Every structure is written in structure tokens, then in C-alpha cells.
Amino acid sequence: MIHASPDRSPAWAALKALAEDAQKQRIASLFDADAERATKYAGNAAGLFVDYSKNLITDDVLDNLISLARDVGLEQGRDDMVAGEKINSTETRAVLHVALRDTAQGKYHVDGEDIMPLIQGELVRMRDFCDRIHTGSFTGHTGKPLKTVVNIGIGGSDLGPVMVTEALAPYHIEGRKTHFVSNVDGAHLASTLASIDPETTLFVIASKTFTTQETMTNAHSARDWFLDTGAGQADIAKHFIALSTNAAAVSKFGIDTANMFRFWDWVGGRYSLWSVIGMPIALQTGFDNFARLLAGAAQMDRHFEIADLRDNLPVLLALIGIWNRNFLDISAHAVLPYDQSLHRLPAYLQQADMESNGKSVMRDGMATSHATGPVIFGEPGTNGQHAFYQLIHQGTDIISSDFIAPAISHHERGDHHRKLLANFLAQPEALMLGKSLEQVVAELSASGRSDAEIENLAPHRKFPGNRPTTAILMQKLTPETLGALIALYEHKIFCQGHIWGINSFDQWGVELGKVLAGNILTELGDLGETKPACTQHDSSTNALVDRINQMRKDTRPQD
Ligand code: F6P
């Protein structure tokens, strides 16, 4: 029998009981008790090696987690996704980002329609366009080649493309530059416009809906700026393209739909980098590298589809996350790439994970009785070590972490990368082992400290340890391994959402703020304008609106 709520599964109660025992255990002792632990709790797929042995798990825990996954029909859920079932139930949409990176003919259907010809048709258009830009046959209105791209988008229309473009820096085509503008703060667009030449710039307006306030505001301002540089209306076709599902809004904006690259409502915004939303990646790194990214993700998809749950890396990561979240009460998870080029991965995963699984209502409309998505945060190592790791090592909350690294760097300069890797290995070891009071006392007395100093210092210098970590290792960060890494996380998120019984593919939580901002916009004055007192809101919001209006009314130069 399939349970809609995971806590109805008998495995849930068993895991609750196991968690009581587990909390008395040390991960380090589990290693002492089992010489095979490191090999037993590790796996390989699509060029990624995942070591999950430094989590507080045992065979019993894993067996019950897998029973839990089966009890909530995880395999059926995965098959339903691939079969194009409308698993995004609140928007009645299929969820088929996997199809975007597959080459299998006739496998994916939406409402009975084979979608592979649509996908491949758009990929061919995208490749042709990249070729024309790269060879210089598509030029700007003054005949100059377009060497600079400005991608205007936000959320999924920004975070995936910028993260991948940065991560693939070693694959960038020489002489090309891509900027990403997302924030409605005029400073973001202004700093980009200040550094570009309109004659050699292509603006890529990326928006699934083509209605998002931030993107449309930036797009209109970019168009105005372009026209102000002396270009005419007809020149827009040579400098603006759109990536969207909304042809009507694209035309209304003034972009010829011949310059529009399409995707479909069965591609979620935060899962869209594999679609034409990946255009800036392809323009900056070459279409072939974009295709390699897709191929790497497809390898992970195959693994996810066919591997037994016990060997299935996305499933295992999801289950360990559920163990940590629901049974060990860990509410934050750090993503720590030991590769500077992955510096936007934590931000990307914040949207992918938190917008997907930050929900408290089940698919059937009932409130969840269990915790769902954790807070995701992170920074590249070793920068994070000098910032927030203090709290992970010695804070009152236990935080789980993923440590990610390539064994070989694209920049093997001197011993930089060996130092980076030493830290990548040392931090999880330190987080697991900790340092006991006895060890600290022995070290301090060996260094000649007085008894009084030892008494003062020792409690501050001990580490509780027993902090769970997972290591994700690849030989080198290539388009393929990056694609596999992203797909690994996407499927992890899917599995967790399925097990928690929530819809991972809608995002109603972003709506309320958007509507309220629309109301408040009309109450905020222009510079120098006098506005009536605001009375529509709570007294705090009213007073803040009035104070802002007062400050904006006074346009005398400020320091
Ligand atoms: O923040 C809400 C959201 O809808 C995201 O899910 C999405 O990625 C982002 O806005 C941008 O949407 P669009 O691509 O339609 O501009």
C-alpha cells in the first residue's frame, strides 16, 4: 500500500526509534567498528564519486529509509515524472526537464504529443544561432560582430545560466564576455551598461512568463538605453532576442518572434537551464560544450532511472537528507564547493531546493505533520572556512554539509590545488572527529600553559564533532561532470519532495509579496513628489512608506 504521508509508513516509526539510538552514537566509532564502512557507503555514477559514510547512518537506518521510499511509491513517482504525468498538480503541468537532455526518440509525451521533435527543433535553432554569432554572420546594426551578451532574467532565468557560465570559465570562447543582470535595483543594469558597447552587444531577455517585474523593467530600460545610443526601432531585431514560453508578450515587447527561442510549460523555471534558457551558456562556451553539459546530465538521469534504490546516488542523498532533517532534527544544510568556479552553486541550489521543497502543504491539500526542506546556504571553500564554519564546528545547531571538489584543477598552479584539497579533506574529518576536552587539556599542558590558563581556555577549544558530511568528488570539473552534478541535486530534490508528499514544482509562496509590492508601488512617490499620508497598511508599513516619501521629496544633494 502506498502512503501519501511518509509518517504513515511503518518505516517512519522504526526510524524514529533508530534516531534515539543514533544520537548516542559517534560517527567516528562507526568507522572503528567497521573497516569496510568507507567503501560500503559510497558510490559512483556519471563521473561522480559520492562518499556518504561520514553521516550518522547504519545498515538498519538505510534499510528503513529505503522501505520508507518504497512505502511512499518513490519509484512510481519517478516513472510518472518521466512518463509526462501532470505531477505538478496545482498547475496541471508535466515535469520533463529530463527530456531536454535526452536523445531517446518517442520516449517523452505531453498530452499524447511526442515532445522530442519540439526539443530537437529548438536545439537546432539554438545551435544555428550560436554559429551565426560565433562566425560573425549575425552582426549588430552597424555590421560589427556581437561579442558581448547581456542576459536579463531572474530566478531560474538567471541562476542556472550564471552558475554554469561561471563554472565553465575554462571553456569560455576567447574574446567573448557575458554579463548577467537580474536585480531590479537600477545599479545592476547601470554597472553593466557602463561597461559595454551597444554596437557589439546582444541582449538576451530570458523569462519563462515574460511578465516578471524585474526582468521586464530591466529589459525596457536596456531597450531605451540602446535606442538612446542612436539605434533605430528596426535595429532592435539585431540586438535583442528572447528566451520564453510566451510568444504574445515577446512580440508585444517588440522582439520579432523569429528572434525568440522557445520552451514549454512542462519545464519549471528553476529546472530550465537545459532548455533555450541555456543560450548564454552556449554563446559563451560554444554550443558543443552546452551539448556536453546536457550529455552529462543525461548520464545521471539514466543512473537515476535504472539503478536500484540502494545504489542510486540521488535517492541516497535524498534519504540521508531526510534522515538528517526529520529524524536528527537538522534544519540547515551547507553546500561547500572546493572550486572557485562553482561559487554560484550554493545560490543556484538555494532556489532549486528551497523554492521546490519549502512547502508545508501536502499534494492532497493537508498540512504536513513533518518537517520539509532545510535552509540551504554555502560558499566556496576555503572562503567559507574563514567566515561561517565556526558555527558549523562549535555552534549550538548541528548542520549537515556537502563537500564538493575536483581532484584535478583547471589551474594547477604550484601547490594551490593540493592545499585546497587538503582543506576539502580536513574539514569533514574535523567535523566528524571533533576534539575532546581531554585532548585539549593534554595539548595545552604539553605547550606549557598554566593550570589556570588551561581551565580558562580548554572549554573554548574543544570541538563536539559528530557533524554529518557527504563528499562529492570528480576527477575534473568538465561540462559533463557539471551536468551530472546538477542533475544529481535535481533528482535529490525530486525524491525528497516526493517522500515528503509535497509538490516540488510550484512556487505559490512567491506570489503574495509580488501582489503587495504592486499595491505599494502606487503609494511611493517620485523624487520631489508630495504624496498623501499612507493609510492602507499596518502602522509600521504606513509609517515606513511615509518616511520614504518624505526622504524622496527632499531632493537637495545628500552626502
Ligand atoms: O520567483 C518566482 C519565479 O517564478 C521563479 O520560479 C522563476 O524562476 C522566476 O520567478 C523568474 O520567472 P520568469 O522566468 O518567468 O521571468
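Whatever comes next refers back to the structure up there.
Here we come to the sheet that holds strand β13 (residues 469–476). Pairing within the open sheet is mixed, and its six strands lie in the order β1-β2-β13-β12-β10-β11. At either margin of the open sheet sits one strand with a lone partner, and together these are β1 (42–45) and β11 (375–377). Strand-to-strand, the axes of this sheet are offset by a mean angle of 15°, without reference to chain direction. Those strands touched by helix α21 (residues 479–500) are β2 (48–51), β10 (332–337), β12 (400–408) and β13, and its axis lies near 155° from that of β13.

Turning next to the site of the ligand. Surrounding the ligand, one finds Ile 154, Gly 155, Gly 156, Ser 157, Ser 207, Lys 208, Thr 209, Thr 212, Gln 351, Glu 355, Gln 507 and Val 510. In the model, an oxygen atom of the ligand is placed 2.6 Å from a nitrogen or oxygen of the Ser 157 side chain. With respect to the ligand, the side chain of Thr 209 contributes an N or O atom lying 2.6 Å from an oxygen atom. The fraction of the free accessible surface of the ligand (390 Å²) that becomes covered by protein chains is 86%. The site holding the ligand turns out to be the largest pocket. In terms of residue class, the shell around the ligand is made up of two nonpolar, eight polar and two charged.

On to empty space enclosed by the protein, then. Summed over all chains, the structure comprises three cavities of 30 Å³ or more. What the largest cavity holds in volume is close to 160 Å³. What lines the largest cavity is a set of 18 residues, and nearest its centre among them are Gly 321, Asn 324, His 333, Ser 400 and Lys 492. Elements that contribute at least two residues to the lining of the largest cavity include exactly α15 (313–327), β12 and α21. Looking at the lining of the largest cavity, the element that brings in the most residues is α15, giving five residues. Residue classes in the lining of the largest cavity are distributed as seven nonpolar, eight polar and three charged. Lining the second largest cavity are Leu 100, Ile 119, Glu 122, Leu 123, Met 126, Arg 262, Trp 264, Trp 274, Ser 275 and Val 276. Among the elements that make up the lining of the second largest cavity, the one with the highest residue count is helix α7 (residues 116–135) (four residues). Within the lining of the second largest cavity, the residues separate by chemical class into seven nonpolar, one polar and two charged.

The buried count for strand β7 (residues 201–206) comes to six of six residues, which makes it a mostly enclosed element. Residues Thr 201, Phe 203 and Ile 205 of β7 are buried on one face, and the alternating residues Leu 202, Val 204 and Ala 206, pointing to the opposite face, are buried as well. Pairing analysis gives five bridges linking strand β5 (residues 148–152) to β7, with the strands arranged parallel. Its bridge partner lying in β7, Val 150 is registered against Phe 203. The pairing of β7 with strand β8 (residues 240–244) spans four bridges and is parallel. Bridge assignment links Ala 206 to a residue of β8, and that residue is Leu 243.

Criteria and thresholds
Residues numbered from 1 in each chain as written. Predicted model: local features only at pLDDT ≥ 70, side-chain atom pairs only at ≥ 80, totals over all residues. Heavy atoms only, no water. Pairing = 2+ DSSP bridges. Helix = DSSP H or I, 4+ residues; strand = E, 2+ residues; numbered from the N terminus. Axes fitted to C-alpha atoms, helices over the stretch in contact; angles between N-to-C directions. Contact = heavy atoms within 4.5 Å. Near = heavy atom within 4 Å. Polar contact = N/O pair within 3.5 Å; in protein donor to acceptor, adjacent residues only side chain to side chain. Areas by Shrake-Rupley, 256 points an atom, 1.4 Å probe, with all protein chains shown as cover. 1 Å grid on protein atoms, 1.4 Å probe; cavity = no way out; pocket = protein on both sides within 12 Å on 5 of 7 lines; lining within 4 Å. Sits in = over half its atoms within 2 Å of the grid points. Nonpolar A, V, L, I, M, F, W, Y, C, P; charged D, E, K, R; others polar. Points joined across faces, edges and corners; volume = space filled by probe spheres on them. Buried < 20%, exposed > 50% of the residue type's maximum accessible area, 1.4 Å probe, protein only.

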